[in-house]
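What follows is each chain in one-letter form.
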2 protein chains.
Amino acid sequence: MTDDPARLLAAAWARLAAGAASSANAARLLTLATVGTTGWPEVRTVVLRRADPTAGTLDIHTDLASAKVKELAALPRAALHVWDAEASLQIRLHAEVAVLSGPDAAADWARVPGPSRLGYGVRPPPGTPIPAPLAYDRPADPAAFAVLRCRVVEVDLLHLGERHRRARFRRADDWRGDWLAP
Amino acid sequence: MTDDPARLLAAAWARLAAGAASSANAARLLTLATVGTTGWPEVRTVVLRRADPTAGTLDIHTDLASAKVKELAALPRAALHVWDAEASLQIRLHAEVAVLSGPDAAADWARVPGPSRLGYGVRPPPGTPIPAPLAYDRPADPAAFAVLRCRVVEVDLLHLGERHRRARFRRADDWRGDWLAP
């Protein structure tokens, strides 16, 4: 394991890029935490669709009517997390989130495979009480498709080894990297 | 897959109990989300140490000096999450969290295995910048040991199958269970 924080950060972005590329990798599924509209923290699984290490952005797809979109409209800050067991690496991120939809998301929608499109436009909207477990429809509705573009501003990495190593990186510091007590 | 919400809830608690019992199970590692002291959501991996389906509580161990303890002192509400791939089940929980330490945590400390005790009492405290990645000590300090006792108040379950099923349960409704659009 490295004593150079820049190498640890590069390794984390490589794991994220691998997750975006293939569902065989741990970082395919992230947890996304937000502050809920009632003040409770909220956390759920999301699928990482794109990772851009150069820009420091991650893309997630969601239904425009989902609770997380409402929460991010009120406070556009998310925490993202993955525990990558193979790399013994916990990746924690803070990101400012822009919600793209309509024409701004049209190019992304065009790349969503047909079966996956059914995940967008659930009626009634996600989270609505229904009288029976399957009392909903899934029309593939491009108007319900949204991209959460997450601009990472802080990265907190914890590598578990014989001795643990933890480092924090901030966009505002040009990703310099500080070691932290784990 | 069941059309009885009570059976879905029982299945979720069984997965949580299995996670508390053995590290071979998915629900051994949960993610815990809090609202940070700067207003950002925070999320990290935690180890599930005990699950009590009857009382509806989950126990997690942490360092009393960790950021999550400070965050929970300010707002004692947590969201907990696990994606159990084997069961195709996402478990999301809201819990009110009590932080137990000192005499209130002594019985739990007595059951922590020797090597695991080194996780408590890191100096300098967790999250403190250090000049090199291993510039910290890990004395096994019982005064730094804390139990997060999470009293679950809401459960949101999503089963991914040929068609998805989602249900929400609230302690205030005596865990009755409502189906939701997924």
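(A) Region of the structure containing the interface of chain B and chain A. Counting from both sides, the interface comprises 50 residues of chain B and, opposite them, 50 residues of chain A. Across the chain B to chain A interface the summed buried area is about 4400 Å²; carbon plus sulfur atoms make up 60%. Between Glu42(A) and Arg92(B) there is a salt bridge, with the nearest N and O atoms lying 3.1 Å from each other. Of all the secondary structure elements, the ones that give two or more residues to the side of chain B that touches chain A are β1 (29-35), β2 (41-52), β4 (77-84), β5 (89-101), β7 (165-170) and β8 (178-180) of chain B. Of the residues forming the side of chain B that touches chain A, the biggest block, 6 residues, is contributed by β4(B). A breakdown of the residues in the side of chain B that touches chain A according to their chemical character gives 28 nonpolar, 11 polar and 11 charged.

(B) Looking closely at the relation of the copies chain B and chain A. Of the two same-sequence chains, chain B is brought onto chain A (RMSD 0.0 Å, axial shift 0.0 Å) by a rotation of 180°. With respect to symmetry, the two chain copies, as superposed, fit the operation of a two-fold axis. When the interface residues of chain B are mapped onto chain A, 100% of them again lie at the interface, so the same face is used by both copies.

(C) Structural detail: the confidence of the model for chain A. Scored by pLDDT, chain A has a mean of 97; 99% of the residues are at 70 or more. Reported confidence for the predicted complex is 0.96 by ipTM and 0.97 by pTM.

(D) Broad picture of unusual backbone geometry. All names here are of chain A. Cis peptide bonds are those with omega within 30 degrees of zero, and the linkage from Arg 123 to Pro 124 qualifies with -5°. Of note, Pro 124 is situated in the loop between α4 (114-117) and β6 (145-159). The backbone of Ser 88 sits at a positive phi, close to 50°, despite the residue not being glycine. Not every positive phi belongs to a glycine, and Asp 174 is a case in point at roughly 60°. Relative to the elements of secondary structure, Asp 174 occurs in the loop between β7 (165-170) and β8 (178-180). According to the relative accessible area criterion, Asp 174 is exposed, its value standing at 63%.

Conventions used here
- Residues numbered from 1 in each chain as written.
- Chains lettered and ligands numbered in written order.
- Predicted model: local features only at pLDDT ≥ 70, side-chain atom pairs only at ≥ 80, totals over all residues.
- Heavy atoms only, no water.
- Contact = heavy atoms within 4.5 Å.
- Buried area = accessible area lost by both parts, 1.4 Å probe.
- Salt bridge = Lys/Arg side-chain N within 4 Å of Asp/Glu carboxyl O.
- Helix = DSSP H or I, 4+ residues; strand = E, 2+ residues; numbered from the N terminus.
- Nonpolar A, V, L, I, M, F, W, Y, C, P; charged D, E, K, R; others polar.
- Least-squares fit on C-alpha atoms with pLDDT ≥ 70 in both.
- pLDDT = per-residue confidence, 0-100.
- Buried < 20%, exposed > 50% of the residue type's maximum accessible area, 1.4 Å probe, protein only.

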